[in-house]
Amino acid sequence: MRYALRNKKKIVEHFNPKGVEVLNGLIKSLDDHFKANGTIVLSDGEPFKTLTINNTGDQGALIVFHVIGIRFDVYRLAFKEFKK
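Residues numbered from 1 in each chain as written. Predicted model: local features only at pLDDT ≥ 70, side-chain atom pairs only at ≥ 80, totals over all residues. Heavy atoms only, no water.

## Looking at the overall build of the protein
Across its full length, the protein holds two helices and four strands. For the protein, the succession of helices and strands along the chain, N to C, is β-α-α-β-β-β. Relative to its length of 84 residues, the protein is compact, with a C-alpha radius of gyration of 12 Å against a globular reference of 12 Å. In the protein, the share of contacts with a sequence separation of at least 24, taken over all contacts with a separation of at least 6, comes to 41%. Averaging the locations of the 14 positively and 9 negatively charged side chains of the protein gives two centres separated by 5 Å. (Helix = DSSP H or I, 4+ residues; strand = E, 2+ residues; numbered from the N terminus. Rg over C-alpha atoms; globule rule 2.2 N^0.38 Å. Contact = heavy atoms within 4.5 Å. Lys, Arg positive; Asp, Glu negative; His and termini not counted. Charge placed at Lys NZ, Arg CZ, Asp CG, Glu CD.)

So this is what it looks like as structure tokens:
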């Protein structure tokens, strides 16, 4: 399984001045999740299905992504929010 995270520049700009740190944390969390899981469980959402993963940088926190599309084994993701 692989993923493609959209709007990396917008994520950095939104969380400025710690934007690069936040983006690196998102990527590390996604890498860890996709390496550890052979199957990906999606939740129904509006207007897109969502993928919720553990935040490796903050124990007990979650990260939610919209799943924009799936082609072959590549999940196109857009960051939605952090959850505690």
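Back to the write-up after that little detour.
## Let's talk about the environment of Ala 4
As for its placement among the helices and strands, Ala 4 is situated in strand E1 (residues 2-5). Through-space distance from the C-alpha of Ala 4 to that of Pro 17 is 24 Å; in sequence the pair is 13 residues apart. Non-local contacts of Ala 4, meaning those with residues more than four positions away in its chain, are made with Val 74, Tyr 75, Arg 76 and Leu 77.

## A short note on the pairing of strand E3 (residues 62-71)
Here six bridges tie strand E2 (residues 49-54) to E3, and the two strands are oriented antiparallel to one another. Bridged to Thr 52 within E3 is Val 64. As paired elements, E3 and strand E4 (residues 74-83) share nine bridges and run antiparallel to each other. Looking across to E4, one finds that His 66 is bridged to Ala 78. (Pairing = 2+ DSSP bridges.)

## As for the side chain of His 66
With respect to the secondary-structure elements, His 66 resides in strand E3. Residue classification places His 66 among the buried positions, given a relative accessible area of 16%. Non-local contacts of His 66, meaning those with residues more than four positions away in its chain, are made with Glu 46, Phe 48, Lys 49, Thr 50, Arg 76, Leu 77, Ala 78 and Lys 80. (Buried < 20%, exposed > 50% of the residue type's maximum accessible area, 1.4 Å probe, protein only.)

## Considering the sheet that holds E3
With mixed pairing, the four strands of this open sheet are ordered in space as E1-E4-E3-E2. Edge positions in the sheet fall to E1 and E2, since each of these pairs with one other strand and no more. Strand after strand, the sheet turns through a mean of 40 degrees between neighbouring axes, direction not considered. The strands that helix H2 (residues 19-36) touches are E1, E2, E3 and E4; relative to E1, the one it contacts most, it runs at about 160 degrees. (Axes fitted to C-alpha atoms, helices over the stretch in contact; angles between N-to-C directions.)

## Structural notes on the packing of aromatic side chains
Between two aromatic rings, the relevant description is the distance of the centres plus the angle of the planes. Counted by the stated rule, this structure contains six aromatic pairs. Judged by centre distance (5.9 Å) and plane angle (65 degrees), the rings of Phe 34 and Tyr 75 are edge-to-face. Of the two residues, Phe 34 sits in helix H2 while Tyr 75 sits in strand E4, which places them 41 residues apart along the sequence. Of the two residues examined, Phe 34 and Tyr 75, each falls in the buried class. Connected via pairs of aromatic rings, a cluster forms that spans Phe 15, Phe 65, Phe 79 and Phe 82. (Phe/Tyr/Trp six-rings, centres within 6.5 Å; stacked < 30°, edge-to-face > 60°.)

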